[in-house]
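# Coordinates in review
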Amino acid sequence: MTKIAIISDIHGNKTALEAVLNDIRSRHIERIFCLGDLIGKGPQGTECIDIVQKNCEQVIRGNWDVFIQEPADNDFIQWFRDRLTDADYQYLKSLPFHIDLELNGQLVRFFHASPRSEFERILPSHPIEKRLSMFENSEALNMNAPSRQPDIVFYGDIHATYLHTYKSGILCNVGSVGNALDLTTASYAILDGSHSTNAIQFVRVEYDREAELAIAEELGLPALDKYYDEIMLGKYRNAKS
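Residues numbered from 1 in each chain as written. Predicted model: local features only at pLDDT ≥ 70, side-chain atom pairs only at ≥ 80, totals over all residues. Heavy atoms only, no water.

## Points about the overall build of the protein chain
Heads up, the condition is: Counting from the N terminus, the helices are the DSSP runs of H or I reaching at least four residues and the strands are the DSSP runs of E reaching at least two. The globule rule is 2.2 Å times the number of residues to the power 0.38, and the radius of gyration it is compared with is taken over C-alpha atoms. A simple rule labels every residue: compare its accessible area, found with a 1.4 Å probe on the protein chains alone, to the largest value its type can have, and call it buried under 20%, exposed over 50%, or partly exposed in between. In what follows, residue pairs with any heavy atoms lying within 4.5 Å of each other are defined as contacts. Residue-level accessible areas treat just the shown protein chains as cover; the underlying method is Shrake-Rupley with a 1.4 Å probe. Counted as positive: Lys and Arg. Counted as negative: Asp and Glu, with His and the chain ends omitted from the count. Lysine's charge is taken at NZ, arginine's at CZ, aspartate's at CG and glutamate's at CD.
Looking only at helices and strands, the protein chain features eight helices and 10 strands. Relative to the 2.2 N^0.38 estimate, which gives 18 Å for 241 residues, the radius of gyration of the protein chain is 17 Å and therefore close to what a compact globule would have. Dimensions of the protein chain along its principal axes, counting C-alpha atoms only, are 50 × 40 × 40 Å. Within the span of the protein chain, comprising 241 residues, buried residues form 52% of the whole. Considering only residue pairs separated by 6 or more positions, the protein chain has 66% of its internal contacts joining residues 24 or more positions apart. When the accessible surface of the protein chain is totalled, it reaches about 11100 Å², and 49% of it is carbon and sulfur. When the 24 basic and 35 acidic side-chain charges of the protein chain are each reduced to a single mean position, those positions are 4 Å apart.

Following this line, the structure appears as structure tokens:
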């Protein structure tokens, strides 16, 4: 039996991550893939990195996992950089760009944001051409990527779940564990290859958001008010008024 839990965008929210992992275990799912953004926004990045290393079979890098490795240009980013260890940086640097998996005769591809970059944001409201480009091969997928295009694409980055079916295949965003912006519950997806066809299920998990905010305040998280708005209200901190 093959079931894979797919998590993404933990963002240093250890409270949400532990709740999601408990839910995954309750379903007796042993394989977990993580689609990046382990750190940032929430206060416990290094703890989340440790938990992901111990529980996830495969992990890819997100945009936060990339730019946190560069010198910070503001105090907000520097706060998160200062709380990572040398081992954390080495681990983040080692993460691959994507995962390819053959399941029930279908090619399933996983990346953080797009097949071209961890920083290219693709929204369900974008033109169809842009959404269909998620099935394309690219140089960022490296020379070992097959010429065949994927039948199913999973990604994170936008912190909101959705699933669209096209002639090209299925495009699925798994949402966010630690910083969901569609609903305030943590989200993840299950890819079920137990039968002759692959099935996809979304799961929402309640967690103690008040306790997470208390931890953030105790640790001195900068921009605590914006973190509150995101995890309590689902209000993106950089949203245009």
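## Examining the pattern of salt bridges
Applied cut-off: Salt bridges are counted wherever a side-chain nitrogen of Lys or Arg sits within 4 Å of a carboxyl oxygen of Asp or Glu.
Within the structure shown, the criterion is met by 14 salt bridges. The network of salt bridges with common partners includes Lys 41, Glu 230 and Arg 237.

## Focus: the side chain of Asp 88
Counted only if it meets this: For this analysis, a polar contact is any N or O atom pair within 3.5 Å, provided that within protein one partner can donate a hydrogen and the other can accept it, and provided that sequence-adjacent residues contribute only side-chain to side-chain pairs.
Its place among the elements puts Asp 88 in helix 5 (residues 86-94). In this structure Asp 88 is buried but unpaired, with Lys 54 as the nearest side chain of opposite charge at 11 Å. At 2.9 Å, the side chain of Asp 88 forms a polar contact with the backbone nitrogen of Thr 85.

## Looking at the nonpolar core
As a reminder of what qualifies: In this text, buried Ala, Val, Leu, Ile, Met, Phe, Trp, Tyr and Cys residues form a nonpolar core when linked through side-chain atoms within 4.5 Å.
One finds Ile 7, Leu 17, Ile 24, Leu 38, Val 52, Ile 68 and Tyr 188 to be the most contacted residues of the largest nonpolar core, which totals 43 residues. At six residues, helix 1 (residues 14-26) tops the list of elements feeding residues into this core. With sequence-adjacent residues up to four places away left out, Val 52 is seen in contact with Ile 10, Leu 17, Cys 34, Leu 38, Val 59 and Tyr 91. Counting 26 residues, the second-largest nonpolar core is a separate cluster that includes Leu 101, Phe 110, Ile 158 and Leu 191.

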